[in-house]
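# Fold and geometry: a report
Residue-level listing of the chains:
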Amino acid sequence: MVDLKSQYVKIKEEIDNAILDVIDSTAFINGPEVKNFQNDLEKYLNIKHVIPCANGTDALQVSMMALGLKPGDEVIAPSFTFVATAEVIALLGLTPVLVDVDANTFNIDPKAIEKAITPKTKAIIPVHLFGQCADMDAIMAIADKHNLFVIEDTCQAIGADFISKDGKKKKAGTIGHIGCTSFFPSKNLGCYGDGGAIFTNDDKLDDKIRIIVNHGMAVRYYHDSIGVNSRLDSIQAAILKVKLKRLDEYAAARNNAARYYDNAFKGNAKLKTPSHFEKSTHVFHQYTLVTNGFDRNKLIEHLQEKGIPAMIYYPVPMHLQKAYLDPRYKQGDFPVTEALSNSVISLPMHTELDEEQLKHITSSILEFIN
Ligand SMILES: *Cc1c(COP(=O)(O)O)cnc(C)c1O
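All right, on to the layout of surface pockets then. The calculated volume of the largest pocket comes to roughly 520 Å³. Broken down by secondary-structure element, the contributors of at least two residues to the lining of the largest pocket are α4 (56-66) and α5 (84-91). Per-element tally for the lining of the largest pocket: the top contributor is α4, with three residues. When its residues are assigned to classes, the lining of the largest pocket shows 16 nonpolar, 12 polar and four charged. Both domains that furnish three or more residues to the lining of the largest pocket are identified here as domain 1 (4-99 + 106-244) and domain 2 (247-369). Within this model, the second largest pocket holds a volume of roughly 310 Å³.

Pasting the structure below:
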């Protein structure tokens, strides 16, 4: 699905030197590379504060801790997402309130959010799924009206622009009160291990978050709140600094591959190509088709025989996952999410796809369905 090796080979010298410099300095934890990468990312995102942390899941957890959410508080999230979003809500003793998504963008449906709000609702976590922003204009309007926090899960959409109704462009993750991202190797900005970051324009939240990721400690060995240990390693920060410079170029390569796929499948009644939401650019973390009228598992088998990987993101909606079964939800509650779980398929998507590979992938798919 991703070709990290070819991408590495192209920047090998720069990456190797960055890693060797950290080893040479032996400043493995909180070395200057972490601060340098933080500054670069703040500039790139045009945001006041970036707080590096250990992974995207921690970023979400720490955000909810910093907002002071308490057990029993309700947090609204989409049912069609990766588990981490709902997981940390539950882990903190908060109540995940799942809602349906939009059939075209796969992102949380603002109308469904409004319907799910109760006096206990404290926050909304929109997930910018597959690389395209949710409708942040609508979501921020709802949040303002009901006095709710918004935590953007931008683990899949770093670098995407949201174009607000006033024409202003903002980077995904910088619109809500807090943004969260992951630097897992296969993400659009991936390091060579685990990593993550939290974004905010709020000075007070920045202070709180920095204390929480450091064992609840502002002054060494004085712990004013309960925190966690969540750091980005210096080596990972050094790698990310090299890769951040190329993030826009990488997004362009992904868009080129997406265009090739779009053209190949255009007008095909059995495959719906990804919708382009007019308020967002797309960074194609995934290229996801909606299938219609054939057995997608047979297609996956057919592709496997030809050495082509394909994946289903996500085969089971959150409200039907064993760990999250809840008497409030039953099969049929979120028809769009359920239909997507039963019909989507994601194709290989990365920065190194060449025309020959794209041709092989698309012709193998068309040969199967036609
Ligand atoms: C990857 C991902 C996460 C979790 O990130 P990790 O770094 O793996 O903890 C959370 N939410 C979404 C939508 C993701 O894609």
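Back to the text.
Turning our eyes to something else, we now look at the pattern of salt bridges. In total, this model carries 18 salt bridges according to the counting rule given. With a shortest N-O distance of 2.9 Å, E14 and R246 are connected by a salt bridge. A residue pair is termed long-range when its members are at least 10 positions apart, and E14 in helix α2 (residues 12-25) and R246 in the loop between α9 (234-244) and α10 (247-265) qualify at 232 residues. Close ionic contact of K48 with D203 constitutes a salt bridge, the shortest N to O distance being 3.0 Å. Here the residue K48 occupies a position in the loop between α3 (32-45) and β1 (49-53), and D203 occupies one in helix α8 (residues 203-213), the gap between them amounting to 155 residues. When its relative accessible area of 47% is taken as the criterion, K48 is described as partly exposed. Here D203 falls in the partly exposed class, since its relative accessible area comes to 39%. Three or more residues joined by partner-sharing salt bridges are found here, namely E14, K245 and R246.

We now examine the site of the ligand. Around the ligand, the surrounding shell consists of N55, G56, T57, F82, A84, V127, D153, C155, Q156, S182 and K187. With respect to the ligand, the side chain of T57 contributes an N or O atom lying 2.5 Å from an oxygen atom. Q156 has a polar side-chain atom sitting 2.8 Å from an oxygen atom of the ligand. For the ligand, the accessible surface in isolation is 380 Å², of which the surrounding protein chains cover 92%. Looking at the shell around the ligand residue by residue, the classes come out as four nonpolar, five polar and two charged.

As a further point, take helix α7 (residues 136-146). Of all the residues in α7, the buried ones are M136, D137, I139, M140, I142 and A143. One or two steps after α7, the chain reaches N147, where phi turns positive at roughly 60°.

Turning to the packing of α10 against helix α13 (residues 355-369), a few remarks are in order. A pair of packed helices is characterised by two quantities: the angle between their axes and the separation of those axes. Between α10 and α13, whose axes approach to 10 Å, the crossing angle comes to 30°. When the axis of α10 is compared with that of α13, the two are roughly parallel. The element α10 and its partner α13 pack so that their crossing is right-handed. Only E355, L358, K359, I361, T362, I365 and L366 of α13 make contact with α10, whose side of the interface consists of A257, Y260, Y261, A264 and F265. Of the residues that constitute the contact of α10 with α13, the class distribution is nine nonpolar, one polar and two charged.

What counts as what
- Residues numbered from 1 in each chain as written.
- Predicted model: local features only at pLDDT ≥ 70, side-chain atom pairs only at ≥ 80, totals over all residues.
- Heavy atoms only, no water.
- 1 Å grid on protein atoms, 1.4 Å probe; cavity = no way out; pocket = protein on both sides within 12 Å on 5 of 7 lines; lining within 4 Å.
- Points joined across faces, edges and corners; volume = space filled by probe spheres on them.
- Helix = DSSP H or I, 4+ residues; strand = E, 2+ residues; numbered from the N terminus.
- Nonpolar A, V, L, I, M, F, W, Y, C, P; charged D, E, K, R; others polar.
- Domains from an automatic or database assignment.
- Salt bridge = Lys/Arg side-chain N within 4 Å of Asp/Glu carboxyl O.
- Buried < 20%, exposed > 50% of the residue type's maximum accessible area, 1.4 Å probe, protein only.
- Near = heavy atom within 4 Å.
- Polar contact = N/O pair within 3.5 Å; in protein donor to acceptor, adjacent residues only side chain to side chain.
- Areas by Shrake-Rupley, 256 points an atom, 1.4 Å probe, with all protein chains shown as cover.
- Axes fitted to C-alpha atoms, helices over the stretch in contact; angles between N-to-C directions.
- Parallel < 35°, antiparallel > 145°, perpendicular 65-115°, else oblique.
- Left-handed = near helix turned anticlockwise from the far one by under 90°.
- Contact = heavy atoms within 4.5 Å.

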